[in-house]
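# An overview of the molecular structure
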Amino acid sequence: MADDKQEEQEPLSPEQRLDILEKKVGSNKLILLGLALFLIIVISVSVTIAALGLSGGEEQDSANTEVFTTIQSDIDQIKEQLLGLDTRLAKLNADMELQEIKLANSSNRMIQSTLIDQEANFQTFLTSLRSAVYDLAHMVPGSRAWLELYSDQIDQSLAHSTERVQRLKNIQTTDENAESFFGDF
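Reading the values: the criteria
Note on numbering: residues in each chain are counted from 1, in written sequence order. Predicted model: local features are reported for residues with pLDDT of at least 70 only, side-chain atom pairs are reported and counted for 80 or more only, and whole-chain, interface and lining totals are derived from all residues. Working from all heavy atoms in the structure, the side-chain values ignore hydrogens and water. Going along the chain from the N terminus, every DSSP run of H or I of four or more residues is numbered as a helix, and every run of E of two or more is numbered as a strand. For the exposure calls, accessible area comes from a 1.4 Å probe over protein chains only, and a residue counts as buried if that area is under 20% of its type's maximum, exposed if over 50%, partly exposed in between. Contact between two residues is taken to exist if any of their heavy atoms lie within 4.5 Å; hydrogens are not considered. Accessible surface area values rest on a Shrake-Rupley calculation with a 1.4 Å probe, where residue burial reflects the displayed protein chains alone. Pairing of N or O atoms within 3.5 Å defines a polar contact, subject to two protein rules: one partner must be a possible hydrogen donor and the other a possible acceptor, and residues neighboring in sequence count only if both atoms are side-chain atoms. We call a set of buried residues a nonpolar core when its members are Ala, Val, Leu, Ile, Met, Phe, Trp, Tyr or Cys and they connect through side-chain atoms within 4.5 Å of each other.

## Details of the overall build of the protein chain
Tallying secondary structure elements over the protein chain gives 3 helices and 0 strands in all. Secondary structure elements in the protein chain, listed N-terminal to C-terminal, are α-α-α. The burial tally for the protein chain puts 11% of its 185 residues in the buried class. A separation threshold of at least 6 residues defines the contact pool for the protein chain, and within that pool the share at least 24 residues apart is 74%. Per element, the accessible surface of the protein chain, about 15700 Å² overall, is 61% carbon and sulfur.

Next comes the structure, spelled out in structure tokens:
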């Protein structure tokens, strides 16, 4: 090992120095040549792009400007149409809600009047029935017991019918209470 260290520390001969320098110069030449080639390619591509950009760029810019202007005007027209459709839709929704309220109220009133008429017919029938039972009880001897029984039942039915008519008349059918007469199904 001592011999190796002495050889490494021995001064190099001039020939050895020249060989080492020539190797370094050769590798430096290759690096510089590669860098020069790369710069030439980059410069030529840049010049080509700049030339194409200057020659055709004005035509493309004017064409792009025209296309952009056309698209912008189309967008403005579509926005106006959309706003018009939005206002029309809002108006139609309001009209539809008003018609639904009117329809609900008209059908409720019709059902209400039909039910009140029906109850009036029931009451007329029950009144006639009471009168017929009374007359029949006076015609048939010994029938006073069932006259009292049936008269009570007829009176109860008349009272219930009168209550139903009052409840029907109390039902509000205004715009504030536009729910269906029978409720939601």
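Next comes the rest of the write-up.
## Comments concerning the side chain of E119
In this fold, E119 is placed in helix 2 (residues 14–139). On the basis of relative accessibility, which here comes to 8%, the residue E119 falls in the buried class. A polar side-chain atom of E119 sits 2.6 Å from a polar atom in the side chain of S161. Residue contacts for E119: discarding those within four places in its chain leaves S161, R164 and V165.

## So, the nonpolar core
Counting residues in hydrophobic clusters, the biggest one holds 6 residues: L126, V133, A137, L147, I154 and L158. At the level of secondary structure, the elements contributing two or more residues to this core comprise helix 2 and helix 3 (144–170). Setting aside its immediate chain neighbours within four residues, L147 contacts V133, Y134 and A137.

## Comments concerning the environment of I171
Inspection of the secondary structure puts I171 in the segment after helix 3. Given the relative accessible area of 32%, I171 is considered partly exposed. For the pair I171 and N108, spaced 63 residues apart in sequence, the C-alpha separation works out to 9.3 Å.

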